[in-house]
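Architecture and fold: a report
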Amino acid sequence: EAQVTQNPRYLITVTGKKLTVTCSQNMNHEYMSWYRQDPGLGLRQIYYSMNVEVTDKGDVPEGYKVSRKEKRNFPLILESPSPNQTSLYFCASSLSWGPGELFFGEGSRLTVL
Amino acid sequence: EDKVVQSPLSLVVHEGDTVTLNCSYEVTNFRSLLWYKQEKKAPTFLFMLTSSGIEKKSGRLSSILDKKELSSILNITATQTGDSAIYLCAPLSGGSYIPTFGRGTSLIVHP
């Protein structure tokens with residue numbers, strides 16, 4: 001089944017403790033991206049990647065890192081999480097840059113205390 | 001700065017009603033506009049619009065783009081409770097890899 005898989009789905013952590021949210025897609029998509037969704041602010045893009053080893057900042061990249069060492073994986077790294085990074089995070093992919101139809105993961109709800 | 005305004009923000013209707021959701025945008029060098037439906041989890045793709053005046057249709061849902069007015073509408077006829085969701089529009093500008101999502105319209109359909 002074609003899908004975008006994120007882990008963990010839910011996480012409660014404390015300020016400053018590094019964490020990684022993994023994202024994997026099985027559709028051989030070139031384009032992958034991370035969004036955060038906050039009440040009243042909609043979906044905002046954090047980082048995106050057009051292909052392996054090619055990443056770029058979105059609208060709200062501060063406090064986040066990403067890497068794209070393999071086509072299928074695009075982890076989101078929070079080196080030192082802070083409470084303002086409490087949010088619902090979505091990973092998405094599409095066949096090519098543009099993008100066309102974005103396929104979203106199920107979301108990861110992160111709470112930073 | 002790119003802007004996307006969706007209206008109304010929230011809508012409550014009864015089953016069988018027809019609704020029209022609006023999306024106005026200001027993006028540089030417009031390329032396409034995407035519509036998504038978000039229930040309790042991830043957004044799911046509905047339509048991609050690139051040409052003005054050509055209606056896209058899927059069952060009871062349809063959408064059309066008006067490049068002159070910089071807007072798009074999403075129509076849902078004979079609404080059902082399963083249509084309850086947040087509907088998001090996202091215009092994409094040429095040369096950008098970042099679709100700008102609107103804040104969405106929350107639709108609640110009562111039986």
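Let me begin by describing the structure that accompanies this report. (Residues numbered from 1 in each chain as written. Chains lettered and ligands numbered in written order. Predicted model: local features only at pLDDT ≥ 70, side-chain atom pairs only at ≥ 80, totals over all residues. Heavy atoms only, no water.)

1. Thoughts on the overall build of chain B
Using the following cut-off: Put simply, DSSP H or I for four residues or longer makes a helix, DSSP E for two residues or longer makes a strand, and each gets a number counted from the N terminus. A radius of gyration in this sense is built from C-alpha atoms; the matching globule rule multiplies 2.2 Å by the number of residues raised to 0.38. Between two residues, a contact is recorded if the distance between any of their heavy atoms is within 4.5 Å. Only the protein chains shown count as cover for residues, with accessible areas throughout obtained via the Shrake-Rupley method and a probe of 1.4 Å. Charge counting treats Lys and Arg as positive and Asp and Glu as negative, with His and both chain ends excluded. Where a charge lies is defined by one atom per residue type, namely NZ (Lys), CZ (Arg), CG (Asp) and CD (Glu).
Of regular secondary structure, chain B possesses 0 helices and 10 strands. Computed over the C-alpha atoms, the radius of gyration of chain B is 13 Å, within 12% of the 13 Å expected from 2.2 N^0.38 for a compact globule of 111 residues. With the C-alpha coordinates of chain B rotated into their principal frame, the extents come out at 45 × 25 × 20 Å. Excluding contacts between residues fewer than 6 apart, the proportion of contacts in chain B whose partners are at least 24 apart in sequence is 54%. Carbon and sulfur atoms provide 51% of the accessible area of chain B, an area that totals close to 5500 Å². The positive charge centre, built from 11 side chains, and the negative charge centre, built from 10, are 5 Å apart in chain B.

2. Digging into the overall build of chain A
Keep this limit in mind: Between buried and exposed lies partly exposed: a residue is buried under 20% and exposed over 50% of the maximum accessible area for its type, with that area taken using a 1.4 Å probe on protein chains only.
Helix and strand counts for chain A come out as 0 helices and 11 strands. The C-alpha radius of gyration computed for chain A amounts to 13 Å, which stays within 12% of the reference 13 Å derived for 113 residues, consistent with globular compactness. Based on the C-alpha atoms only, the size of chain A along its principal axes is roughly 35 × 30 × 25 Å. The proportion of buried residues among the 113 residues of chain A is 50%.

3. What about a nonpolar patch on the surface?
We count it as follows: A patch is a set of surface residues, each over 30% in relative accessible area and not in a salt bridge, joined within 9 Å for like charges and within 5 Å for the nonpolar side chains Val, Leu, Ile, Met, Phe, Trp and Tyr. For this document, the term salt bridge refers to a Lys or Arg side-chain nitrogen within 4 Å of an Asp or Glu carboxyl oxygen.
A surface patch of nonpolar side chains, about 320 Å² in accessible area, is lined by A:Ile12, A:Val14 and A:Leu113. Positionally, A:Val14 belongs in the loop between strand 2 (10-13) and strand 3 (19-25).

4. Observations concerning the pattern of salt bridges
Counting across every chain of the model gives 5 salt bridges over all chains. Measuring nitrogen to oxygen at the nearest pair gives 2.9 Å for the salt bridge that ties A:Asp38 to A:Arg44. Across the pair B:Lys37 and B:Glu39 runs a salt bridge, and its minimum N-O distance is 3.9 Å. When its relative accessible area of 46% is taken as the criterion, B:Glu39 is described as partly exposed. Via salt bridges that share partners, A:Arg36, A:Asp38 and A:Arg44 belong to a single interconnected network.

5. Points about the sheet that holds strand 4 (residues 30-38) of chain B
Residue and element names in this part refer to chain B. The line we're drawing: Only when DSSP finds a minimum of two bridges between them are two strands counted as paired. Lines fitted to C-alpha atoms define the axes, with helix axes restricted to the stretch in contact, and inter-axis angles between N-to-C directions lie between 0 and 180 degrees.
The strand order across the open sheet built from 5 strands is 2-10-9-4-5, with neighbouring strands paired in mixed fashion. One side of each edge strand has no neighbouring strand; the edge strands of this open sheet are strand 2 (10-14) and strand 5 (43-49). The sheet shows a mean angle of 25 degrees between the axes of neighbouring strands, taken without regard to direction. Relative to strand 5, strand 4 runs antiparallel, the two sharing 6 bridges. When the bridges of strand 5 are listed, Trp35 appears paired with Phe47.

6. What to know about the interface of chain A and chain B
Test applied: Within 3.5 Å is the distance limit for a polar contact, defined as a pair of N or O atoms, with the added protein rule that one can donate a hydrogen and the other accept it, and that residues adjacent in sequence qualify only through two side-chain atoms. Three categories are distinguished: nonpolar for Ala, Val, Leu, Ile, Met, Phe, Trp, Tyr, Cys and Pro, charged for Asp, Glu, Lys and Arg, and polar for the others, with Gly belonging to the last.
Taken together, the contacts link 23 residues of chain A with 18 residues of chain B. Across the chain A-chain B interface, the total number found is 0 salt bridges. The interface formed by chain A and chain B holds 3 residue pairs in polar contact (both at pLDDT 80 or more) in total. Elements supplying a minimum of two residues to the side of chain A that touches chain B: strand 4 (31-38) and strand 5 (42-51) of chain A. Take the side of chain A that touches chain B: its biggest share by element is 5 residues, from strand 5 of chain A. For the side of chain A that touches chain B, the per-class residue count stands at 11 nonpolar, 8 polar and 4 charged.

7. A few points about the packing of aromatic side chains
The description of two aromatic rings rests on the distance between their centres and on the angle between their planes. We count it as follows: Ring pairs are drawn from Phe, Tyr and Trp, using the six-membered ring of Trp, whenever the two centres fall within 6.5 Å, and their geometry is named by plane angle: stacked under 30 degrees, edge-to-face over 60, tilted for the rest.
This model, assessed by the stated rule, comprises 10 aromatic pairs over all chains. Judged by centre distance (5.4 Å) and plane angle (85 degrees), the rings of A:Tyr35 and B:Phe101 are edge-to-face. Of this pair, A:Tyr35 sits in strand 4 while B:Phe101 sits in the loop between strand 9 (85-93) and strand 10 (105-110), each in a different chain. The exposure class of A:Tyr35 is buried, given its relative accessible area of 0%. Residues B:Tyr36 and B:Phe101 carry aromatic rings whose centres are separated by 5.9 Å and whose planes lie at 50 degrees to one another, so their mutual orientation is tilted. Of this pair, B:Tyr36 sits in strand 4 while B:Phe101 sits in the loop between strand 9 and strand 10; the two residues are 65 residues apart in sequence, bridging distant segments of the chain. Taking the relative accessible area as the measure of exposure, B:Phe101 reaches 7% and is therefore buried.

Purely spatial values, then, with no claim about function.
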